[in-house]
Amino acid sequence: MARKHAESLQNVPMAVSVVSANTMLKQNAISIFDYFRQIPGLSVSTNGRGFVTPVIRGISSGDGNTPTTGIYIDDMPITSSSALAGGDQLMPDLDPSELQQVEVLKGPQGTLYGASAMGGIIKYVTHDPNMKKMSGQVAVTGNSVAGGDQGGAVRASFSTPLIKDKLAITGSYFHRDDPGWVQDPLQGKGTHNMAHASGGRGALVWKPTDWYTLHLSALSSIRTANGSSLVDYNTTNNRPVYGALEQRRIPGTDTSQARINAFNATNSFDLGGLNLTSSTSYVESQYTGLWDVTTTFKPLLTSNVGLPSHYGYALDQQMGTSKFSQEVRLGRDEFHHFLTWHAGFFFTHERSYAYQQINAADGPSLISTSQLDLGQESTKSQYNEVAGFGDVTLHLTHRLDLQGGVRYSAIRQDATINDDDGILSDGVQARIKDNFKVPTFLVTPSYHITSNLMAYARIASGYRSGGPNIGVSQGATTFAPDKTLDYEIGAKGDFDHHRGTVDVSLYWTDWKHIQLVGLNNESEGITVNGGSAVSNGLEVSGSYRVIRGLTIAAYFNYTNAHITTPFNTGTVYGQSGNLLPYTARITSNVRADYNFNINDYYAAHVGAEYSYVGNRLGGFQSAADIPRYRMPAYSQVNFNMGVQRGRYSLDFAARNLTNSRGILAMSARTLSKTGLVGATLVQPATFSLTASAKF
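## Topic: the overall build of the protein chain
For the protein chain, the count of helices and strands is 4 helices and 42 strands. Its C-alpha atoms give the protein chain a radius of gyration of 25 Å, near enough to 26 Å, the size a compact globule of 695 residues would have. By its C-alpha atoms, the protein chain is 80 × 60 × 50 Å across when sized along the principal axes. Per-residue burial over the protein chain gives 55% buried out of 695 residues. Here the protein chain has roughly 27,900 Å² of accessible surface; of this, 57% comes from carbon and sulfur atoms. Looking at the protein chain, you have 54 positive and 55 negative side-chain charges, and the mean spots of the two groups are 6 Å apart.

See the structure below:
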């Protein structure tokens, strides 16, 4: 469903990577931090407090911005298309038990998916109910982190037809206790960052006739973290401030909770060869966090305001989005399959809010705002997008196809802000409206060299929306959309009687009018357009079944994402040649999986994986003399094995066997963005054992 209609991924003329949910469960890869290294071109940044920013092929100008990567669950767009409610940072935390697979579509997807897909798309594909027979599974997992906590999970799922081939339902539930590993002596004994996640999904498929199908689904997920996974780190000497896995926080802070509720109804009609699909979805996402910001604000409030030097400071952060989306698509083959066309209409309406309040803390107790008002700020925003799109594929010969597509989007935004008159706020009340129109297109010829090998070329554009700079006293009140244009050639297929697969793509992506987030002279967050960049690279991946049951898979990825036109906006600085944030030039992965029968009753599997991530840089700074954060290269080794008898299985997984201390991301902990940072590290060696039964 990469192009929103059923087809083999080997026949999709673009770079697409897939990780199956079964693989994730065998490897105990429960979050994107566990499996992103298996996907060429995908990188991830985080603030360690529940914010996650995925980046595809280096298309990122830093976090806290409008998204460059679209997030979908089936046909449902999930995250906000605006930066005003953390649109680029609030990824859903979906357990693998709720999924069939995760697909990553690389390169701009603006024609099919609209705004915020200028780097690509991450799509979570869920299970459909089984229309023919009842099935189900229960699983219990225990796990332990080296030097940290113990955790575990329970998972259950079922699927059953109510009327065979006509009506079926499916349901799943999970609960996880994710072990912590970061120490904080101020919080007492034990680790500080244990988290608890739970959720469920239900779906119904009704097919009363051959020409009509109804899909209904509902999903809910919540994750609560007792503390952050940040390690206090000094970028001056590139060493931890305290222990290797330690931090210091006000007791009770750096907690967070993220939840998502998603509902979808999809009606599909086959009207004598004319395929009509209507997808209606409603998504609610919410985030709350209480962050320790003492090192950020203490110097300012102690020296400039005169507050006691022993005070600490905490930021209450709340945001959320409700998103209604409607898409209608038509498609048909014409002239004896010489021409295939699709056309559609898309509408989305978002309502978002964001609230921030800074509190002082005297020891472990927060001081109420009525006693000491440091500052409160709330924003409310609306985002509306209306778009029409279509594509035509000409099957010129039985080998040669030519696809072309266009989309035209009209976007309106309306945002308001209310500041109180606290010490750090200036009582601003403002409202800003903005609107713009954006066209996107794609052209894709593809040629089937053989029945098993296809070559393709692709030119495609993408964009992310502009919007208001709400509540700034200096600088522009709005910023414009930025756009990408991708040129790509590739080949994919299988060989040696389907024993091997290969997927190669070579790409060049131009990025113009980049949206850049920084601080103005009043230390207010502001987004401006400036400069241009290019991301060019090579992805080579493949697999080969060496003998029966033994498959070796690998990829090599080179991404050179860098600035081509320098910028110095007064808030953000970048020189020509500087790398874009979070993306390594070189990443690679090799894994081997062996499935075999022990005897007539028992089957087994063994797997091992090695991944490498090269050097990366953090977000842009405000001046040339402020160095960007540097994250060194690291590698990781994983191992899994299991045994199965009939419907019973026992699986063991070991992640990060060498206890790598790789740094995933760094977050500033001072206003100057120098010296002290919070570093998010690869989770230490983790061991898990899962017992499961199918029925």
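The rest of the description comes next.
## Section: unusual backbone geometry
Unusually for a residue other than glycine, Arg 57 sits at a positive phi of about 55°. Of the residues examined, Arg 57 reaches a relative accessible area of 2% and is grouped as buried. One non-glycine residue, Asp 74, lies in positive phi territory at about 55°. With respect to the helices and strands, Asp 74 occurs in the loop between strand 4 (69–73) and strand 5 (76–77).

## Things to note about the nonpolar core
In this structure, Ile 32, Tyr 35, Leu 42, Ile 122 and Tyr 124 are the most contacted members of the largest nonpolar core, which totals 32 residues. Taken together, the elements giving at least two residues each to this core come down to helix 1 (21–26), helix 2 (32–35), strand 2 (42–46), strand 3 (52–56), strand 4, strand 6 (99–106), strand 7 (120–126) and strand 15 (255–271). Here the element with the most residues in this core is strand 6; it accounts for 3 residues. In contact with Leu 42, other than residues within four places in its own chain, are Ile 32, Phe 36, Pro 54, Val 55, Ile 56, Val 104 and Ile 122. One finds Leu 301, Ala 354, Ile 358 and Leu 374 within the second-largest nonpolar core, a separate group that totals 18 residues.

## So, the pattern of salt bridges
Enumeration according to the criterion identifies 21 salt bridges in this entry. For Glu 327, the salt bridge identified is with Arg 329, shortest N-O distance 2.6 Å. The residues Glu 327 and Arg 329 share a single accessibility class, namely buried. Connected through salt bridges with shared partners, the residues Arg 49, Asp 232, Arg 249, Asp 254, Asp 292 and Arg 669 form a single ionic network.

## A word on the side chain of Thr 111
Along the polypeptide, Thr 111 turns up in helix 3 (residues 110–113). Among the residues examined, Thr 111 registers a relative accessible area of 3% and is labelled buried. Not counting chain neighbours up to four residues away, the residues in contact with Thr 111 comprise Phe 389, Gly 405, Val 406, Arg 407, Thr 440, Phe 441, Leu 442 and Ser 461.

## Concerning the pairing of strand 26 (residues 482–495)
Relative to strand 26, strand 23 (residues 453–464) is paired through 12 bridges, and the arrangement is antiparallel. Note that in strand 26 the partner of Arg 464 across the bridge is Asp 482. Pairing analysis gives 13 bridges linking strand 26 to strand 27 (residues 500–512), with the strands arranged antiparallel. If you follow Tyr 487 over to strand 27, its bridge partner there is Trp 508.

## Points about the sheet that holds strand 7
Taken in spatial order, the 5 strands line up as 1-6-7-4-5 in an open sheet, and their pairing is mixed. The sheet terminates laterally at strand 1 (16–20) and strand 5, the two strands that pair on one side only. Judged from the 5 bridges that link them, strand 4 and strand 7 form a sheet pairing that is parallel. The residue of strand 7 that forms the bridge with Gly 70 is Ile 121.

## Remarks on the environment of Ser 61
Mapped onto the fold, Ser 61 is located in the loop between strand 3 and strand 4. For Ser 61, a relative accessible area of 8% gives the class buried. Between the C-alpha atoms of Ser 61 and Pro 581, which are 520 residues apart in sequence, the distance is 6.2 Å. Once residues lying within four places of it in the same chain are set aside, the contact partners of Ser 61 are Arg 464, Trp 511, Ile 514, Gln 515, Leu 516, Pro 581 and Phe 620. Reaching out from Ser 61, the side chain makes a polar contact with the side chain of Arg 464 at a distance of 3.0 Å.

Criteria and cut-off values
- Residue positions within a chain follow its written sequence, with the count starting from 1.
- In keeping with the model being predicted, local features are shown solely for residues with a pLDDT of at least 70 and side-chain atom pairs are shown and tallied solely at 80 or more, while totals for entire chains, interfaces and linings include all residues.
- Side-chain measures here rest on the full set of heavy atoms in the structure, leaving out hydrogens and waters.
- Numbered from the N terminus, helices here are DSSP runs of H or I no shorter than four residues, and strands are runs of E no shorter than two.
- For the radius of gyration, the atom set is restricted to C-alpha positions; the globular benchmark scales as 2.2 Å times the number of residues to the power 0.38.
- For each residue, the accessible area found with a 1.4 Å probe, counting protein chains only, is set against the maximum for its type, and the residue is called buried under 20%, exposed over 50%, and partly exposed in between.
- In short, Shrake-Rupley with a 1.4 Å probe defines the accessible areas, and a residue's cover is counted only from the protein chains shown.
- The charge count treats Lys and Arg as positive and Asp and Glu as negative. His and the chain ends do not count.
- Here the site of a charge means atom NZ of a Lys, CZ of an Arg, CG of an Asp or CD of a Glu.
- Only buried residues count toward a nonpolar core. Its members are Ala, Val, Leu, Ile, Met, Phe, Trp, Tyr and Cys residues joined through side-chain atoms within 4.5 Å.
- Contacts are assigned to residue pairs with any non-hydrogen atoms lying within 4.5 Å of each other.
- Salt bridge, as used here, is a side-chain nitrogen of Lys or Arg placed within 4 Å of a carboxyl oxygen of Asp or Glu.
- One bridge is not enough; two strands pair if DSSP finds at least two bridges between them.
- For this analysis, a polar contact is any N or O atom pair within 3.5 Å, provided that within protein one partner can donate a hydrogen and the other can accept it, and provided that sequence-adjacent residues contribute only side-chain to side-chain pairs.

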